[in-house]
Amino acid sequence: MDLSSWLRRYAAGRPHVLLVVSRGGTGVRLALEAELSRRGWPIAAGPADADVLLVAGAPGPELGSALDAVWAAIPQPRTHATILDAARVAVELDRAAAELVAGHPMTGPLPSQTTVDGGPVRSGEVTDRDDAPHVHRSAHGEHSDHTKHAGHGGHGEMRMPGGLPMADLGQDRDGLTLDQLQVTLGPVLSDWPAGLVLAVVLQGDVVQRAHARLVDDPLSLPFWSSDTPMTDTDRGDAADPSRHAAARELDAIARFLAVAGWPAPATRARRLRDELLAGASPEPMCAAAEALCRQVRRSRTLRRMLRGLPHALDLLTVRLEALGQAIVALRGPAGMAATPEERRPTTVSAAAREHAGSPLRSRLNLDELERLLVGTDLATARLLIAGADPITDEDSDRTGGSAPHAAAAVPARRPEQAVPVGTDGRDGEGEAPSAGHDSRHSHE
Amino acid sequence: MSEYLPVLVTLGAVLVLVAALYVMAAVTATARSALDVVPFAGGLPPAQHAFSRFHVRWYPVTMVFLAFDMEMIFMYPWTLVVSRVGPAAVIEMFVFLGILVAAVVYAWREGALRWT
Amino acid sequence: MNEPMPIPAQVTLPWWWALLLPLVLIAAAWAVTAFDAVVTARTTGRRGGFAVPAREVARLLVGQRRRTVAADPVLWRAGSAVLPVAAVLAAVVIPLGARPVADLGIGVVWFNAVEVLAWAAVWMAGWGPNSVLSLVGGYRFVAQGLAYELPHMFAIITAALGAQSLRVTDIVAAQHDLWFVLLMPVAFVVFLISTAAMAFWGPFDAPVAADLAGGAAAELSGADRLLFSGGRWMLLTTAAAMAVPLFLGGGAGPLLPEWAWVVVKTAAVLAVMVWARRRVPRIRMDRWTEISWMVLVPLTLAQALVVSIVVLAQGGL
């Protein structure tokens, strides 16, 4: 017993943190990531490896119930905190460490009970996906068929040995009849867009169908694209929008690299991002960011791994070029040469470059993303999601620039036979869509 | 057989250590009983059991692998007799390996080594 | 030229070393973990990191274990426990200095056979918890095994071929004049690559990657997680240490005693591993399988052919 508390005290020097970001929580997330990296506290990939559940920003009811479920899956000793203000990050982390040392089974409020609209969420309830306010269509009949009735066991009633059905058989893209698994990925995953929920049908690890939506978190001013970027004042001359745009692209490329399993440059990109936001002088930052771009661009291993995966190289190129542009804007005369378009890379014309004669936005919306994911394996799907970097903190239907012609920027998904893609290859010729692609469309 | 005695002692030692770790963890754990959870996939409850017939897309590779794996059974004893038997041993083994490699090249051309 | 000989009494270490071996391996794996943590801390601009393994062990010892819905507990728990057991059992044939704990006549085959248990262990740990993400992680490792195992076996067998013996001490003795790393550099490099893949280390960590929320280890906590991740570090250490007798002349070296040279050389191999993990992005098996079978297998076979010709030439033909 004494040994146990001594071990707890020692272990609390380096707790693992499960970081959950609400759609309005980007600012807090950045502050948290910087502080965690400063302390050397690792970020956990899931509840099993976590000691602290940290929520960045205010969760809505749906994220709240997911939080309660995740909380119920974290082994003791554990603690949680919801941080709404970037200034409170250090205080809350200290408090979390102290609670881990105490090691009491937490009997306090559930994580969801700090939602902004006050009222505690009924525990274990998951908002019905088809009624969720941000989903304006229920095209995917298979979801309402299979996923609604099952698994309403929240944290309160875990004992459901036979409560779950087994997977059903179904045609797969290779013409085999195999088990189809309904899986809902997100919203609590590392290096994942805030608030994204991706309902997929898997055969093996291949995505047969995908439906993306966002949880119903309360939204505030979008962090990246707002004109008054920083609400807290202790961050130097953060009002400089080009600095802000560069930090945003560094954040995006860091996420892509982390998902691609290249932690060293990902860490470097995040450090650059944090230093930029903290007001470091731009010139050395620009040089370092350009060196990073060069390293990523030159990595033959990365290229070899991504080549032939549908759109992965394209999206990496988009990310790198968006970063390159942001650096140019940051470095430009007086650092303020950026036009309004370049400051707001969310609109169709912004952050965009002429590519093969067609305008290419640097971020995809959820519709486009869904289309890319069909037929890919989970690892590729994660890469594409990170590369697409959909905007989730803005209040629009299918967020991310809802131009009607937006789909034209994304070529139809290639069939699976390894079509080698050149380094900048965007061969958008219309190959026949695969079986998986077809089956998805048949539902619409 | 006596040369395996240290192996058995080592096995015993490591098993004792594993058991000791579990005992120690049972004493030091903050909560004695295991936590019952639903599998994690992002926070929303699972709709189905994950146990399923997994689509093993690299199935052809397992077949090619088996052929080579059997070949290793010949190759281990072969290493001991190379100089005793002389060039014949080397020629025979590498002709055999050459045939297998030809089969691998064929499988590769058929796309068996690629699945995305 | 090297006829199987009756074992002289001094060939193996005293019997109580068999009891000590797990502790030696744990200490070595501990040191590697600390080294890796220090390097990580440096890259993020912090100091320290030495305490990381101790804090992790403490954290997992006080951590609660978990049980998922309708899990397969036997396979799941066994998967965690098999990793460290396999690592220690594979290490019995590695000379710690001049002599190993057990000088098996088929030492190389034993090492190979035991380390393949990792294959089963990771899959069992992935399958056990009835969780999609860990299931995918487990299957990723099976695919990885199909890719790395053959070049790995050919690399090992090339060393055995060079010594014309499957006994590890004979292989060390055969490097008296020329270390095998010089005679068979391709086999050495392939051995290092496949070692990383076997320990799902560095660029080959897809089975436990964060994009699957931890993959095969996604649902492990407490003592189970300690066994799994500790076993993984021990497996990496064992496999790296095996490179020393196979390719780096065992304990041979000036000034220092033999055991010290084994330690130094093992540390050097592990340093390469720690470096490579940061240097290279994650390797996808659907790409690597092709490279492994079409490039590494022919290369290692060519290497084996060269070595067997050298062996014939030395045999006076």
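Numbers given for residues are sequential positions, taken from 1 along each chain in its written order. Throughout, the order in which chains and ligands are written sets their labels, letters from A for the former and numbers from 1 for the latter. Whole-chain, interface and lining totals are the exception, using all residues; otherwise, since this is a predicted model, local features are given only for residues with pLDDT of at least 70 and side-chain atom pairs are given and counted only at 80 or more. No hydrogens and no water enter the side-chain calculation; it runs on all heavy atoms of the structure.

(A) Inspection of the sheet that holds strand 3 (residues 79-83) of chain A at higher detail. Residue and element names in this part refer to chain A. Within the open sheet, the three strands sit side by side as 1-2-3. Their pairing is parallel. Here the strands that pair on one side only, and so sit at the sheet edges, are strand 1 (17-21) and strand 3. Neighbour-to-neighbour, the strand axes of this sheet turn through a mean angle of 15 degrees, independent of strand direction. Strand pairing is assigned whenever DSSP detects at least two bridges linking the two strands. Each helix corresponds to a stretch of at least 4 residues labelled H or I by DSSP, and each strand to a stretch of at least 2 residues labelled E; elements are numbered beginning at the N terminus. With five bridges connecting them, strand 2 (residues 52-56) and strand 3 associate as parallel partners. Working convention: axes come from line fits to C-alpha atoms, limited for helices to the stretch in contact. Angles between N-to-C directions cover 0 to 180 degrees.

(B) View of helix 11 (residues 258-279) of chain C. Here helix 11 of chain C is 22 residues long and its end C-alpha atoms lie 32 Å apart, about the 32 Å a rise of 1.5 Å per residue gives. When we look at burial in helix 11 of chain C, the residues that qualify are Ala 260, Trp 261, Val 262, Lys 265, Thr 266, Val 269, Leu 270, Met 273, Val 274 and Arg 278 of chain C. Contact definition: two residues touch when any of their heavy atoms are within 4.5 Å. Looking at the buried positions of helix 11 of chain C, the neighbouring elements they touch are helix 7 (263-277) of chain A together with helix 1 (17-43), helix 9 (185-198) and helix 10 (222-247) of chain C. Helix span, expected: 1.5 Å multiplied by one less than the number of residues in the helix. Under the scheme applied here, a residue whose accessible area is under 20% of the maximum for its type counts as buried, over 50% as exposed, and between as partly exposed, the area being computed with a 1.4 Å probe on protein chains only.

(C) Inspection of the domain arrangement of chain B at higher detail. Looking at chain B, the domain boundaries give domain 1 (1-35) and domain 2 (56-116). For each domain, the first and last residues come from an automatic or database assignment. When each unit is reduced to the centre of its C-alpha atoms, the spacing between domain 1 of chain B and domain 2 of chain B is 39 Å.

(D) Structural view of the sheet that holds strand 7 (residues 206-214) of chain A. Residues and elements named next belong to chain A. Strand order in this open sheet of four strands is 4-5-6-7, and the pairing throughout is antiparallel. Of all strands in the sheet, those with a lone pairing partner are strand 4 (168-171) and strand 7, marking the two edges. Put simply, the sheet's adjacent strands are angled 35 degrees from each other on average, direction ignored. Sheet analysis places strand 6 (residues 196-203) next to strand 7, joined by eight bridges and oriented antiparallel. Its bridge partner lying in strand 7, Val 197 is registered against Arg 213. Along the sheet face, helix 12 (residues 366-373) touches strand 6 and strand 7 and points at about 165 degrees away from the line of strand 7. On the sheet, helix 13 (residues 378-388) packs against strand 5 (177-185), strand 6 and strand 7 and is oriented at approximately 155 degrees with respect to strand 6.

(E) Geometry of the packing of helix 10 (residues 312-331) of chain A against helix 13 of chain A. Residues and elements named next belong to chain A. Running from N to C, helix 10 and helix 13 cross one another at 25 degrees; their axes reach a closest spacing of 9 Å. As the angle between them shows, helix 10 and helix 13 are arranged roughly parallel. Crossing geometry of helix 10 relative to helix 13 is assigned as left-handed. Counted together, Ala 312, Leu 315 and Arg 319 of helix 10 and Leu 384, Ala 386, Gly 387 and Ala 388 of helix 13 form the full contact between these two elements. Residues of the contact of helix 10 with helix 13, tallied by class, amount to five nonpolar, one polar and one charged. Between 65 and 115 degrees an angle is taken as roughly perpendicular, under 35 as roughly parallel, over 145 as roughly antiparallel, and anywhere else as oblique. For any pair of crossing helices, the crossing counts as left-handed if the nearer helix is rotated counterclockwise from the farther one by less than a right angle, and right-handed if it is rotated clockwise. In the scheme used here, Gly and all other residues not listed as nonpolar or charged are polar, with Ala, Val, Leu, Ile, Met, Phe, Trp, Tyr, Cys and Pro taken as nonpolar and Asp, Glu, Lys and Arg as charged.

(F) Spatial organisation of the interface of chain C and chain A. With 42 residues of chain C at the contact, the number on the chain A side is 55 residues. Two parts lose some accessible area (1.4 Å probe) when they are put together, and adding that loss for both gives the buried area. Summed over the three residues of chain C that lose the most area to chain A, namely Arg 55, Arg 59 and Arg 284 of chain C, the buried surface amounts to 17% of that side. For this document, the term salt bridge refers to a Lys or Arg side-chain nitrogen within 4 Å of an Asp or Glu carboxyl oxygen. For Arg 14 of chain A, the salt bridge is made with Glu 56 of chain C, and the minimal N-O distance between the two is 3.0 Å. Under this definition, polar contacts are N or O atom pairs within 3.5 Å; protein pairs additionally need one hydrogen-donor-capable and one acceptor-capable atom, and for neighbouring residues in sequence, both atoms have to be side-chain atoms. The interface formed by chain C and chain A includes 20 residue pairs in polar contact (both at pLDDT 80 or more). Every element with two or more residues in the side of chain C that touches chain A is listed here: helix 2 (52-62), helix 6 (132-163), helix 11 and helix 12 (285-314) of chain C. Ranked by residues supplied to the side of chain C that touches chain A, first place goes to helix 2 of chain C with eight residues. Residue composition of the side of chain C that touches chain A, by class: 20 nonpolar, seven polar and 15 charged.

(G) Up close: the nonpolar core. Core analysis: the biggest nonpolar cluster contains 224 residues, and Leu 185 of chain A together with Phe 154, Phe 228 and Phe 247 of chain C have the highest contact counts within it. No other element matches the 21 residues that helix 6 of chain C contributes to this core. Here Phe 154 of chain C is in contact with Phe 68, Glu 71, Met 72, Met 75 and Leu 97 of chain B together with Val 297, Thr 300 and Leu 301 of chain C, once residues within four sequence places are set aside. Grouped together as the second largest cluster of nonpolar side chains are 21 residues, Leu 32, Leu 36, Trp 41 and Val 101 of chain A included. For the purposes of this section, nonpolar cores are sets of buried Ala, Val, Leu, Ile, Met, Phe, Trp, Tyr and Cys residues that join through side-chain atoms within 4.5 Å.

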